Amino acid sequence: MKRVSFVAFCVVALVVVVLSGETRKAEAVTCAPTELSPCLPAITSSAPPSAGCCSKLKEQKPCLCGYLKDPTFQQYINNPKTKQVASTCGVAFPKC
């Protein structure tokens, strides 16, 4: 009986540690559209996205819905070229 309780406690503790790590990771993202500036050449020309662009796009993924809802950035984020860059980088474009 004690062994089952100990195993259950360990499983719960592991889940808490894993989930708290993911939460901190999500909180660490600073939503700043300027962070996507490495993607401008790929969005405004036929150049492929750079590794830096893809990295920033993946980092800023939690922020994309906020950018889409902001009239200032909506026209830049919600266009076919931006979606193509996201796809090339392996970032699923959000459905907000």
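Note that the coordinates shown come from a computational prediction; the quantities given were computed from them, not determined experimentally. (Residues numbered from 1 in each chain as written. Predicted model: local features only at pLDDT ≥ 70, side-chain atom pairs only at ≥ 80, totals over all residues. Heavy atoms only, no water.)

1. Details of the packing of aromatic side chains
Quick reminder of the rule: Aromatic rings from Phe, Tyr and Trp, taking only the six-membered ring of Trp, are treated as a pair when their centres fall within 6.5 Å; an angle between ring planes under 30 degrees marks them as stacked, one over 60 as edge-to-face, and anything in between as tilted.
Under the criterion given, the structure shown has one aromatic pair. Ring centres of Tyr67 and Phe73 lie 6.2 Å apart, and the angle between their planes is 65 degrees; on these two criteria the pair is classed as edge-to-face.

2. A few points about the state of the cysteines
To be explicit about the condition: Disulfides are defined as pairs of cysteine sulfur atoms found within 2.5 Å of each other. Only runs of H or I of at least four residues qualify as helices and only runs of E of at least two qualify as strands under DSSP, and these elements are numbered from the N terminus.
What the rule picks out here adds up to four disulfides. Put simply, Cys39 and Cys53 are joined by a disulfide, and their sulfur atoms are 2.1 Å apart. Across the S-S bond linking Cys39 and Cys53, the dihedral sits near 105 degrees, which makes this disulfide right-handed. Here the residue Cys39 occupies a position in the loop between α1 (2-27) and α2 (40-44), and Cys53 occupies one in helix α3 (residues 51-60), the gap between them amounting to 14 residues.

3. Notes on the confidence of the model for the protein
Reading fine detail from the predicted coordinates is not recommended where pLDDT is low. Going by this rule: pLDDT measures the predictor's confidence residue by residue and takes values from 0 up to 100. Contacts between residues were defined by any pair of non-hydrogen atoms, one from each residue, lying within 4.5 Å.
Of all residues in the protein, 72% attain a pLDDT of 70 or more, and the chain-wide mean is 78. Of all helices and strands in the protein, the one with the weakest mean pLDDT is α1 (37), whereas α3 scores best (97). In this model, residues 2-25 is a region of pLDDT below 50 whose contacts with residues beyond four sequence positions or in other chains number zero contacts.

4. Quick notes on the pattern of salt bridges
Filter applied, for reference: A pairing counts as a salt bridge when a side-chain nitrogen of Lys or Arg comes within 4 Å of a carboxyl oxygen of Asp or Glu. Only protein chains enter the accessibility calculation, which uses a 1.4 Å probe; a residue whose area is less than 20% of its type maximum is buried, one above 50% is exposed, and one in between is partly exposed.
For the structure on display, the rule yields two salt bridges. With a closest N to O distance of 3.6 Å, Glu59 and Lys56 form a salt bridge. With Glu59 and Lys56 both in helix α3 and three residues apart, the pair spans about one turn of that helix. Relative accessible area serves as the criterion here: at 34%, Glu59 is assigned to the partly exposed category. Taking relative accessible area as the criterion, Lys56 reaches 22% and is therefore assigned partly exposed.

5. Observations regarding the layout of surface pockets
Counted only if it meets this: Definitions used throughout: a 1 Å grid over protein atoms alone; a cavity as a set of points that fits a 1.4 Å probe which cannot get out; a pocket as an open set with protein on both sides within 12 Å along at least five of seven lines; a lining residue as one with an atom within 4 Å of a point. Grid points are joined across faces, edges and corners, and a volume is the space filled by probe spheres set on the points. Asp, Glu, Lys and Arg are counted as charged, while Ala, Val, Leu, Ile, Met, Phe, Trp, Tyr, Cys and Pro are counted as nonpolar; the rest, among them Gly, fall into the polar class.
When its volume is computed, the largest pocket comes out at roughly 260 Å³. In terms of lining residues, the largest pocket is bounded by 14 residues, among which Pro33, Leu36, Leu40, Tyr76 and Ile77 are the most central. At the level of secondary structure, the elements contributing two or more residues to the lining of the largest pocket comprise α2 and α5 (71-77). When grouped by side-chain class, the residues that make up the lining of the largest pocket number nine nonpolar, five polar and no charged.

6. Concerning the nonpolar core
Stated formally: Among buried residues, those of type Ala, Val, Leu, Ile, Met, Phe, Trp, Tyr and Cys that are joined through side-chain atoms within 4.5 Å constitute a nonpolar core.
In terms of nonpolar packing, the biggest core is built from 15 residues, with Leu36, Leu57, Tyr67, Val85 and Cys89 touching the most fellow members. Among the secondary structure elements, those contributing two or more residues to this core are α3, α4 (64-69) and α6 (80-88). Contacts of Leu57, omitting those with residues within four sequence positions, involve Leu36, Val85, Ala86, Cys89 and Val91.

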